[in-house]
Amino acid sequence: MTNFGFKISNTRVIHLDECKMELVRKLYKEEPSFKRCISCGACAATCSARQFTDFNIRKLHTLFRRAQYEGVQQALKACMLCGKCTLVCPRGVNLRSLIIHMRKILFEANKK
Amino acid sequence: MSNYFSPFVLPFLIGVIALITICIIKYIRWYKQFNRVQKTLLLKNILSWKFLSAIWETVWEALFHRKVFKRNFLLGYMHSSIALGWFLLILVGAVETELAVNGPKPFWTGIFYRYFIHDPQAFKHAAFFAHLMDFILLYVLSGVILAYIKSIYSRLFGMKKTSKHVVFDRFTKFSLWLIFPLRLLSESFTATLYNNGGFLTQGLGDMINYTVADVLEIPAWTLYSFALGTFFVAMPFSRYMHIFTEVILIFLRKWGLSENEQVSGFTMYELSACSRCGICIDNCPLYKDLQLQGVQSIYFLRDLRYKRPKEEIADNCLMCNRCMAECPVGLDLMTIRRQMRNKKELDTESNYKYIDNLQAFNSIGRVVYFAGCMSHLTPGIVDAMLNIFDKVNQKYWFMDKDKTICCGRPLWQQGFSIQASELRRKNTQLIKQSGANMLVTSCPICYQSFKKEYNLPIQVMHHTEYIHGLIKSGQLKVRKDDLKVVYHDPCELGRGCGIYQAPRQILKSITTLLKTKNEKDKSLCCGYNLGNTVISLEQQTKIRNAAMDSLLSKHPDLIVTACPMCKKAFKRATDCNVKDIAELVKENMIL
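Residues numbered from 1 in each chain as written. Chains lettered and ligands numbered in written order. Predicted model: local features only at pLDDT ≥ 70, side-chain atom pairs only at ≥ 80, totals over all residues.

1. Section: the overall build of chain A
Part 1: Helix and strand counts for chain A stand at 6 helices and 0 strands.
Part 2: Walking chain A from its N terminus toward its C terminus, one meets helices and strands in the order α-α-α-α-α-α.
Part 3: Since a compact globule built from 112 residues should have a radius of gyration of about 13 Å, the 14 Å found for chain A is in line with a globular shape.
Part 4: Seen through its C-alpha atoms, chain A measures out along the principal axes to roughly 40 × 35 × 25 Å.
Part 5: Per-residue burial over chain A gives 34% buried out of 112 residues.
Part 6: For chain A, the proportion of contacts with a sequence separation of at least 24, taken over those separated by at least 6, is 66%. (Helix = DSSP H or I, 4+ residues; strand = E, 2+ residues; numbered from the N terminus. Rg over C-alpha atoms; globule rule 2.2 N^0.38 Å. Buried ≥ 20, exposed ≤ 12 C-beta atoms within 10 Å, placed from the backbone. Contact = placed C-beta atoms within 7 Å.)

Structure, rendered in structure tokens:
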């Protein structure tokens, strides 16, 4: 198939009853500026790590926001924390802090 | 011996014994915490000539408090009168005792000299010594009075905000403040009875009724001894532990010891050497512009020392280095801050497999240009630098043109040292493989990282240094403009790496450079520094505005800086033109 640089995702179902929303709530509490995110994708567009790999910070924090934590913890490790995303964010989301907190929260949740 | 003993000596004696024992125990424990490198350095240098320069520095800094004097005369006078004055009281007292008493005598004789030696003509120049001791006591007392005034009205001493001390520190401070008035009182009573005082104690003594003095002499000396004893016992656990520790720290530093990646014995010495003078508070942008309290270095170090550090406080620091530049003790505050940011389990290995395949470009005879992540967001800077390279026919390899590996400093600052070292390893490998002989970077953050955290075999330059070299050697010719500009010193370039002159020389050859209130090591942080992950954008903006107001107060035509981040911060908020120094040079090159 021709590679257009994007693909249509398969249909999937989010079981709202099974979602662990407390982690999302915790993230909002730790980094309140995340509430302002409009998922515009400026962060992913400027990302240095994105130039090398399919690391996509918008996808990751959107997944987190939807309580779809699977694979997020591992994927987040590709971030170099350079701070370009924070500087370009039009909504003033503190992305560096957000990434560190996502990693922390997921680490603690998976440890238990 | 019994001639020189009275029961009131006991509190003092117990205090001294406790003080010495506790200090020795603490110092030995911290010595054991030194790592191997530190121990080797210590043993290697302990008998070198550095000993002398350490003594010199001790006299200037620990006794005379030169750095505090430079800051504010009254503040310096207050600190030095108590430190130097008390030291002289002990020293001259010992000399006086030595002259007055032949043969063995207990060490406390000098402390309670007037009580034990009543003869005003005990030796040839006894009267002179009595006056001298009174003069020194007056010197110390003036410092204590100033200290009291400072606690009420600190602005007189150039301090807007003074430190908020824990109860125990305040208790210790009062016992210290009591020592000298009590000494004056007891010596005056004795002078009433035996006429053995100097101008001060005798003058006061003559005003006191003989019977009153007779009754109160012993209680006064007892209280004096108690004040001393209390202070000595409390000292090792309070902020006054800095009195001895600061001296030891000066010696350790002269012997080549420094902070390490991890907490070591040296950190323990530094923690105790902090006198909690509070000079860092006024200078911290987080207090100055945001009124945040409790996050400044003084409180951070205190919490660490009493083993109750809060993670949020460790993270809440811009790492602008301002407090470090102002610290009169010269503590390595940024390293201690970073040690506490250690991310432990989060800091994992091999996260960056994706950079493994990156290949170096054969750049023998070329310059490696590393723009840095942030410069990619200010393409003007990159464009200007490439233009300058072309202009002087310098071949270059634009290392991070399409694929940017971060220098690792942002990770390292946040405590991810393993992850940062992975990035450093790859960058080092690429630079070494390229065969280039010089690295030029446009970002002060990368610059400091390459300079200090990397161990590169080639020369590393920030573009200000590079351009300055070109202009100086005549390779690059620039025309003089009639612009009036102000220069903003980026934290990482100025206080971080000490580059103040190169950018100023360049600007002087192109424009008219206006002096600003906060320049060089007093430069204000633009607020966007990567060091802090806690404060919000709104708070960053406040810090930025304060820095910008200071720059705009001179009504310049142009704000010039040398950091993509500072440029971006200012550019967003002002109608005044903001440019990087490279862009200005590019526009004024003579073609």
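2. Describing the overall build of chain B
Part 1: Looking only at helices and strands, one finds 27 helices and 8 strands in chain B.
Part 2: Considered along the principal axes of its C-alpha atoms, chain B spans approximately 95 × 50 × 45 Å.
Part 3: By residue count, 46% of the 591 residues in chain B fall in the buried class.
Part 4: When contacts within chain B are restricted to residue pairs at least 6 apart in sequence, those whose partners lie at least 24 apart make up 75%.

3. Some thoughts on the interface of chain A and chain B
Part 1: Contacts between the two partners involve 23 residues from chain A, matched on the other side by 24 residues from chain B.
Part 2: The set of elements that each furnish at least two residues to the side of chain A that touches chain B consists of α5 (84-88) and α6 (95-111) of chain A.
Part 3: With 6 residues, α6 of chain A is the largest single contributor of residues to the side of chain A that touches chain B.

4. A few points about the domain arrangement of chain B
Accessible area lost when the parts come together is the quantity often used to give the size of an interface.
Residue and element names in this part refer to chain B.
Part 1: Looking at chain B, the domain boundaries give domain 1 (48-241), domain 2 (353-469) and domain 3 (478-587).
Part 2: The distance between the C-alpha centroids of domain 2 and domain 3 comes to 22 Å.
Part 3: Taken together, the 27 residues of domain 2 in the interface contact 25 residues of domain 3.
Part 4: Mapped onto the side of domain 2 that touches domain 3, the elements with two or more residues apiece are α19 (379-391), α20 (409-413), α22 (444-453) and α23 (463-472).
Part 5: The element that contributes the greatest number of residues to the side of domain 2 that touches domain 3 is α19, accounting for 6 residues.
Part 6: Within the side of domain 2 that touches domain 3, the residues separate by chemical class into 12 nonpolar, 13 polar and 2 charged. (Domains from an automatic or database assignment. Nonpolar A, V, L, I, M, F, W, Y, C, P; charged D, E, K, R; others polar.)

5. Brief notes about the sheet that holds strand β8 (residues 577-580) of chain B
All names here are of chain B.
Part 1: Ordered in space as β6-β5-β7-β8, the 4 strands form an open sheet in which the pairing is parallel. Either end of the sheet is taken by a strand with one partner, and the two such strands are β6 (512-513) and β8.
Part 2: Of the strand pairs in this sheet, strand β5 (residues 484-488) and strand β7 (residues 558-561) are connected by 4 bridges, and their pairing is parallel. Of the residues in β7, the one forming a bridge with Tyr-487 is Val-560.
Part 3: Packing of helix α26 (residues 564-571) onto the sheet brings it into contact with β5, β7 and β8, and relative to β8 it is tilted by some 170°. (Pairing = 2+ DSSP bridges. Axes fitted to C-alpha atoms, helices over the stretch in contact; angles between N-to-C directions.)

6. Some words on the packing of helix α11 (residues 242-254) of chain B against helix α12 (residues 265-273) of chain B
All names here are of chain B.
Part 1: Contact geometry for α11 and α12: axes closest at 8 Å, N-to-C directions at 135°. When the axes of α11 and α12 are compared, the pair comes out oblique. Handedness of the crossing formed by α11 with α12: left-handed. Facing α11, whose interface residues are His-242, Thr-245, Glu-246, Ile-248, Leu-249 and Leu-252, α12 presents Phe-266, Tyr-269, Glu-270, Ser-272 and Ala-273.
Part 2: Here the residues of the contact of α11 with α12 are counted per class, giving 6 nonpolar, 3 polar and 2 charged. (Parallel < 35°, antiparallel > 145°, perpendicular 65-115°, else oblique. Left-handed = near helix turned anticlockwise from the far one by under 90°.)

7. Details of helix α15 (residues 297-305) of chain B
Residues and elements named next belong to chain B.
Part 1: Burial of α15 is extensive: 7 of the 9 residues sit out of reach of the surface.
Part 2: For α15, every residue scored as buried is listed here: Ser-297, Ile-298, Tyr-299, Phe-300, Leu-301, Arg-302 and Leu-304.
Part 3: Along its buried surface, α15 packs onto α12, α13 (279-283), α16 (311-315), α17 (322-326) and α18 (333-340).
Part 4: Lys-307 sits one or two residues past α15 and shows a positive phi near 60°.

8. Observations concerning the packing of helix α1 (residues 9-32) of chain B against α12 of chain B
Residues and elements named next belong to chain B.
Part 1: Their axes nearest at 7 Å, the elements α1 and α12 cross at an angle of 140°. On α12, the residues touching Trp-30, Tyr-31 and Lys-32 of α1 are Gly-265, Met-268 and Tyr-269.
Part 2: Class assignment of the residues belonging to the contact of α1 with α12 gives a composition of 4 nonpolar, 1 polar and 1 charged.

9. Looking at the environment of Cys-317 of chain B
All names here are of chain B.
Part 1: On the secondary structure map, Cys-317 appears in the loop between α16 and α17.
Part 2: Given 28 C-beta atoms within a 10 Å radius, Cys-317 is considered buried.
Part 3: C-alpha of Cys-317 to C-alpha of Cys-284: the two residues are 33 residues apart in sequence and 8.9 Å apart in space.

10. Some points on the pairing of strand β3 (residues 438-441) of chain B
All names here are of chain B.
Part 1: Summarising the sheet, strand β1 (residues 367-370) and β3 pair through 4 bridges and their orientation is parallel. Across the sheet, residue Val-367 finds its bridge partner in β3, namely Met-438.
Part 2: Examined bridge by bridge, β3 and strand β4 (residues 459-462) share 4 bridges and lie parallel to one another. Paired with Val-440 across the bridge in β4 is Met-461.
Part 3: As a crossover connection, the stretch from β3 through α22 into β4 is right-handed. (Right-handed = clockwise from strand over helix to strand, strands pointing away.)

11. Some remarks on the sheet that holds β4 of chain B
Residue and element names in this part refer to chain B.
Part 1: Read across the open sheet, the 4 strands follow the order β2-β1-β3-β4; overall the sheet is parallel. Each end of this open sheet is capped by a strand with a single partner; those strands are β2 (396-398) and β4. Shown here is a sheet whose adjacent strand axes are inclined to one another by a mean of 25°, direction ignored.
Part 2: Along the sheet face, α23 touches β3 and β4 and points at about 95° away from the line of β4.

12. Some words on the nonpolar core
Residue and element names in this part refer to chain B.
Part 1: In terms of nonpolar packing, the biggest core is built from 178 residues, with Val-368, Tyr-369, Leu-439 and Val-585 touching the most fellow members.
Part 2: At 10 residues, helix α10 (residues 210-234) tops the list of elements feeding residues into this core.
Part 3: Apart from the residues lying within four places of it in its own chain, the contact partners of Val-368 are Ser-363, Trp-397, Met-399, Ile-431, Ser-434, Ala-436 and Leu-439. (Core = buried A, V, L, I, M, F, W, Y, C linked by C-beta atoms within 7 Å.)

13. Side note on α22 of chain B
Part 1: Within α22 of chain B, 7 of the 10 residues are buried, which leaves the element mostly enclosed by the surrounding structure.
Part 2: Of all the residues in α22 of chain B, the buried ones are Pro-444, Ile-445, Cys-446, Tyr-447, Gln-448, Ser-449 and Phe-450 of chain B.

14. Thoughts on the environment of Val-9 of chain B
Residues and elements named next belong to chain B.
Part 1: Tracing the chain through its elements places Val-9 in helix α1.
Part 2: Since 22 C-beta atoms lie within 10 Å of it, Val-9 is described here as buried.
Part 3: Separated by 216 residues in the primary sequence, Val-9 and Ser-225 place their C-alpha atoms 6.2 Å from one another.
Part 4: Once residues lying within four places of it in the same chain are set aside, the contact partners of Val-9 are Trp-108, Phe-112 and Ser-225.

15. Comments concerning unusual backbone geometry
Part 1: The phi dihedral of Ala-67 of chain A is positive, around 60°, even though this residue is not glycine.
Part 2: By the element assignment, Ala-67 of chain A lies in the loop between α3 (57-65) and α4 (72-76).
Part 3: Backbone geometry at Asn-321 of chain B places phi at a positive 70°, although glycine is not the residue there.
Part 4: Locating Asn-321 of chain B in the fold gives a position in the loop between α16 and α17.

16. Overview of the environment of Gly-380 of chain B
All names here are of chain B.
Part 1: For Gly-380, the position within the fold is in helix α19.
Part 2: In the structure, Gly-380 is positioned 307 residues away from Phe-73 in sequence and 46 Å away in space, judged by C-alpha atoms.
Part 3: Those residues in contact with Gly-380 that sit more than four places away from it in its chain are Asp-580 and Glu-583.

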